[in-house]
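One-letter residues, chain by chain:
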Amino acid sequence: MGTNGSTMLEPLRQGLPPLDPSAVSSAASCALPARYEAVRDARQFTRRTLDQWDLGDRFDDVCLVVSELVTNALRHALPESGTGVPQHQEPFVRLHLMRWAERLVCAVRDPSNDGPVARVSEDFSAESGRGLFLVDSFSDSWGWHPLAGTLSGKVVWALFRLRPEG
């Protein structure tokens, strides 16, 4: 009975969140610079967007997940400086917020092809390695998929259920 701890953090690998992209009611995205101030920028963008969508009551949970996804992208997915990557390329990290009637999805795109890995840590006071546990705890589901076609990189997403309007 119950699941063992090793499967708890397996993201949904079927690819995209289980939602119809054509039925999205609102969407917003922002490019994030390849520096750690981008986490603050992502939080401010998320706050403004959720306020516009009258979802300010979900800000704490959503913002925590956004912060972790963006931090992971910056920490693990960006090439080391000095690798000669052309600066005119598409921004390295992009945050997407998408709303359906009863769902909200946060998705962070980055240039790494490696899937996210939750590191098991016995030290719960450790500063790093807990991000995906927090994503798993605060969102209703999460997953990732490689970008299609000629684009390299991946998208990591988290889904939140919303209360029906009205």
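Refer to the structure printed above.
Quick caveat: nothing in here was measured; it's all calculated off a predicted structure.

J.: Would you mind showing me how to read the state of the cysteines here?
T.: By the definition in use, this model includes zero disulfides. Among the cysteines around C63, which has no disulfide bond, C106 carries the closest sulfur, lying 9.4 Å off.

J.: What should I look at first to understand the packing of aromatic side chains in this one?
T.: Centre distance and the angle of the planes are the two values used to describe a pair of aromatic rings. As enumerated under the stated definition, the model contains zero aromatic pairs in all. In this arrangement the basic side chain of R47 is found over the ring face of F59, its NZ or CZ atom lying 3.7 Å from the centre.

J.: What exactly am I supposed to notice about unusual backbone geometry here?
T.: Peptide bonds are, in most cases, trans, and in most cases residues other than glycine have a negative phi. A positive phi angle, near 55°, is found at D54, a position not held by glycine. On the secondary structure map, D54 appears in the loop between helix 2 (37-52) and helix 3 (59-77). We classify D54 as exposed; its relative accessible area is 68%.

The rules behind these values
- Residues numbered from 1 in each chain as written.
- Predicted model: local features only at pLDDT ≥ 70, side-chain atom pairs only at ≥ 80, totals over all residues.
- Heavy atoms only, no water.
- Disulfide = S-S within 2.5 Å.
- Phe/Tyr/Trp six-rings, centres within 6.5 Å; stacked < 30°, edge-to-face > 60°.
- Lys NZ or Arg CZ within 6 Å of the ring centre and 35° of its normal.
- Helix = DSSP H or I, 4+ residues; strand = E, 2+ residues; numbered from the N terminus.
- Buried < 20%, exposed > 50% of the residue type's maximum accessible area, 1.4 Å probe, protein only.

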